[in-house]
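The chain contents come next:
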2 protein chains.
Amino acid sequence: MCNPSIIEKVRKRISRRNLLKVGATSAAGILASGCKSIPKSKPNEITPESISFNQVVDLTHTLHPEFPAWFTPGVERKFGTKTFLPPAIVEVERVMKFEEIKINLNKISYWEHVGTHMDAPSHFSEGSTVDKIRAEDLVLPLAVIDIKAKAERDPLALVTLEDIKNWEAKNGPIPQRACLAMNSGWANHVKTPKFKSLNSEGKHQQPAFHIDAIEFIKEERNVVSIAVDTFSFDNLHSPENDVHYSWLGDERWGIEIINNLDEVPVVGATIVVGQPKIQGGSGGPNRVIALI
Amino acid sequence: MCNPSIIEKVRKRISRRNLLKVGATSAAGILASGCKSIPKSKPNEITPESISFNQVVDLTHTLHPEFPAWFTPGVERKFGTKTFLPPAIVEVERVMKFEEIKINLNKISYWEHVGTHMDAPSHFSEGSTVDKIRAEDLVLPLAVIDIKAKAERDPLALVTLEDIKNWEAKNGPIPQRACLAMNSGWANHVKTPKFKSLNSEGKHQQPAFHIDAIEFIKEERNVVSIAVDTFSFDNLHSPENDVHYSWLGDERWGIEIINNLDEVPVVGATIVVGQPKIQGGSGGPNRVIALI
């Protein structure tokens, strides 16, 4: 999907970086690549080389009504002039019961963006909804950047451009079309107040990405997805949701509240994002699996 | 998970087949294997040999309010003494709107068992809910049995034991720990009345599995999951939901309304079932991906 606002955004980005100097043909190519993040030789072929694995790791938290989220059920949230009343994190209403009719069936309801979940481009843009993300874009090389040490000292620690450079000096360039995941250690805190780390004003604190790191992996490394083990790509250092707008507004997507990053290698695993294909979805709970 | 009723069920199965004759030690092993369908050498290792792929195929339909299901929204259904009023197939309520506050967020609600989805053991038993199914059990060799020719002639066609034997004569034994999928051609009918193929009494007709085939792949082939491109493992030939009770009651699970089976090989692909990990879920919409 590539609507006029996205084309305009890409055009601005190109203009900003003076890429038009490289000539009209290349600029058109870059414009096109802004609409389709993955250049491919033929449909469904994700790589000319085979990917191999013999181990599976679950990168998903179990979603339940007490799982922490960026909102608190029943506590109003204001965005602009609008006020919203968040419901339960997830409601699992037992409609049919095995003890009564030998069948179990639940009615499930939730606001998207709870538990381990995707943020689709449409969450913070007019871009693609979850159903428009192709399966071949949901299977990606996984690269993990560990900032546990500084996150332990500072709940507002950021993955900086310097962190990325240091990572690459050690591990080589981030693979093309990767999912780049931040391991801040926050996955171990989902059952404690540390996960929200409320400050004196009652605001959430958690590690996140620095916008400069985001611009680099977008412009220079063609990273397809980011992932964080916290509930947001942004923190109080970017109160305007800079990362969300920059990343999702560029037809890219990400995963929040990912789990078990300590159990996968820094590089070499493949991530499979099992995102339900609900028409019009801006994201939502999924099953994220690593193949090693 | 292995509760007393499951142990009792396995015990009965063993007794029925006189397997106790093989001696107490083996019988204990079989009992144990009834509780854990996958014998494993070490955690997360799904196979001692590597699995390779370089292509991805989406086996998932897009879920939307007009997608066909085994119920009709707003039309009462009776089970035993209970009457139920099904809601919309899926409700996507726009809570936050980009045009208003530069954020999109929906409230999603559905009865489980719509769209391409899992039936967990708990759907028709006291067995495991979706959150208890391990990720390594969601990555399986895929075997596809094509009954399109007879399903074209008869909407109540069944995958029989003979079909399985013929398939094996041609393709070798069904791989251990496989997902065995029925390709009846029904995935091509989701947009037409053919998908439900109502008979003169207004009852659904669709291809399904014969109970004898089910018992064979359970007892003799350790198949972990079945899959169908229709909305039920059972049809009018098994009005008592024999297949559901036999299969799910044995701590196995399956996928209904799978898509695109024509695009995967008869054997050799790997299926990854991206099942959201909602605590207490008896199944529900997922993303099913084939790696080739």
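Being a predicted model, the structure only gives us computed values, none of them experimental.

### Observations regarding the overall build of chain A
Within chain A one finds seven helices and 16 strands. In chain A, which comprises 292 residues, the proportion classed as buried is 48%. Look at the contacts in chain A between residues 6 or more apart in sequence, and 73% of them connect residues 24 or more apart.

### A short note on the sheet that holds strand S12 (residues 225–228) of chain A
All names here are of chain A. Pairing within the open sheet is mixed, and its nine strands lie in the order S2-S16-S14-S8-S10-S12-S13-S7-S15. Since the sheet does not close on itself, it has two edges, and those belong to strand S2 (56–58) and strand S15 (283–285), each with one partner. If you compare each strand with its neighbour and ignore which way they point, the axes differ by 25° on average. As judged from the three bridges shared by S2 and strand S16 (residues 287–291), these two strands associate in the antiparallel manner. Bridging across to S16, Val56 finds its partner in Leu291.

### Thoughts on the confidence of the model for chain A
Scored by pLDDT, chain A has a mean of 88; 85% of the residues are at 70 or more. Confidence metrics for the complex model read pTM 0.87 and ipTM 0.87.

### A closer look at the interface of chain B and chain A
Every contact between the two is made by 67 residues of chain B and, on the other side, 67 residues of chain A. The greatest single-element share of the side of chain B that touches chain A, amounting to seven residues, is contributed by strand S6 (residues 105–111) of chain B. Taken together, the residues that form the side of chain B that touches chain A break down as 31 nonpolar, 24 polar and 12 charged. Across three bridges, strand S1 (residues 51–53) of chain A lies against strand S1 (residues 51–53) of chain B in antiparallel orientation. The residue bridging Ser52(A) from the neighbouring strand is Ser52(B), located in S1(B).

### Examining the relation of the copies chain B and chain A
Mapping chain B onto chain A calls for a screw motion: a turn of 180° about the axis and a shift of 0.0 Å along it, with 0.0 Å RMSD after fitting. Both chain copies can therefore be described as sitting about a two-fold axis. Interface overlap between copies is the fraction of interface residues in one copy that are interface residues in the other; for chain B against chain A it reaches 100%, indicating a shared surface.

### Side note on the environment of Val264(B)
Residues and elements named next belong to chain B. With respect to the helices and strands, Val264 occurs in the loop between strand S13 (253–256) and strand S14 (267–274). Measuring from C-alpha to C-alpha, the distance between Val264 and Asp146 comes to 11 Å, with 118 residues separating the pair along the chain. With sequence-adjacent residues up to four places away left out, Val264 is seen in contact with Val57, Leu142, Val144, Ala269, Ala290 and Ile292.

### A closer look at the packing of helix H5 (residues 161–171) of chain A against helix H6 (residues 211–219) of chain A
Residue and element names in this part refer to chain A. Running from N to C, H5 and H6 point in directions that differ by 50°, and their axes come no closer than 7 Å. When the axis of H5 is compared with that of H6, the two are oblique. In contact with Leu161, Asp163 and Ile164 of H5, H6 contributes Asp212, Ala213, Phe216 and Ile217. For the contact of H5 with H6, a count of residues per class yields five nonpolar, no polar and two charged.

### A short note on the pairing of strand S8 (residues 139–146) of chain A
Residue and element names in this part refer to chain A. By the criterion of burial, S8 is predominantly enclosed, with seven of the eight residues buried. As paired elements, S8 and strand S14 (residues 267–274) share five bridges and run antiparallel to each other. Following the sheet pairing, Leu142 is matched in S14 by Ala269. As paired strands, S8 and strand S10 (residues 179–183) are joined by five bridges and run parallel to one another. Along S10, the bridge assignment pairs Ala143 with Leu180.

### With respect to the sheet that holds strand S8 (residues 139–146) of chain B
All names here are of chain B. One open sheet holds the nine strands; their spatial order is S2-S16-S14-S8-S10-S12-S13-S7-S15, and the pairing between them is mixed. With partners counted over all chains shown, the strands left at the sheet margins are strand S2 (56–58) and strand S15 (283–285), one partner each. Between one strand axis and the next, the sheet turns by 25° as a mean value, whatever way the strands run.

### Some remarks on the nonpolar core
If you look at the biggest cluster of nonpolar residues, it comprises 156 residues, and the most contacted ones within it are Leu142(A), Ile289(A), Leu142(B) and Ile289(B). Ile289(A) has contacts with Val56(A), Asp58(A), Leu59(A), Val272(A), Gly274(A), Ala135(B), Leu138(B), Val139(B) and Val272(B), leaving out every residue within four places of it along the chain.

### Let's talk about the environment of Leu156(B)
Residues and elements named next belong to chain B. Relative to the elements of secondary structure, Leu156 occurs in the loop between helix H4 (148–153) and strand S9 (158–159). Judged by C-beta crowding, with 16 C-beta atoms within 10 Å, Leu156 ranks as partly exposed. Measuring from C-alpha to C-alpha, the distance between Leu156 and Leu236 comes to 7.2 Å, with 80 residues separating the pair along the chain. Those residues in contact with Leu156, other than ones at most four positions away along the chain, are Gln205, Asn235, Leu236 and His237.

### Overview of the pairing of strand S12 (residues 225–228) of chain B
By the alternation rule, side chains of S12(B) split into Ser225(B) and Ala227(B) and Ile226(B) and Val228(B), which are all buried. This β-α-β element, S12(B) to helix H7 (residues 242–248) of chain B to S13(B), shows right-handed connectivity.

Calculation criteria
- Residues numbered from 1 in each chain as written.
- Chains lettered and ligands numbered in written order.
- Predicted model: local features only at pLDDT ≥ 70, side-chain atom pairs only at ≥ 80, totals over all residues.
- Helix = DSSP H or I, 4+ residues; strand = E, 2+ residues; numbered from the N terminus.
- Buried ≥ 20, exposed ≤ 12 C-beta atoms within 10 Å, placed from the backbone.
- Contact = placed C-beta atoms within 7 Å.
- Pairing = 2+ DSSP bridges.
- Axes fitted to C-alpha atoms, helices over the stretch in contact; angles between N-to-C directions.
- pLDDT = per-residue confidence, 0-100.
- Nonpolar A, V, L, I, M, F, W, Y, C, P; charged D, E, K, R; others polar.
- Least-squares fit on C-alpha atoms with pLDDT ≥ 70 in both.
- Parallel < 35°, antiparallel > 145°, perpendicular 65-115°, else oblique.
- Core = buried A, V, L, I, M, F, W, Y, C linked by C-beta atoms within 7 Å.
- Right-handed = clockwise from strand over helix to strand, strands pointing away.

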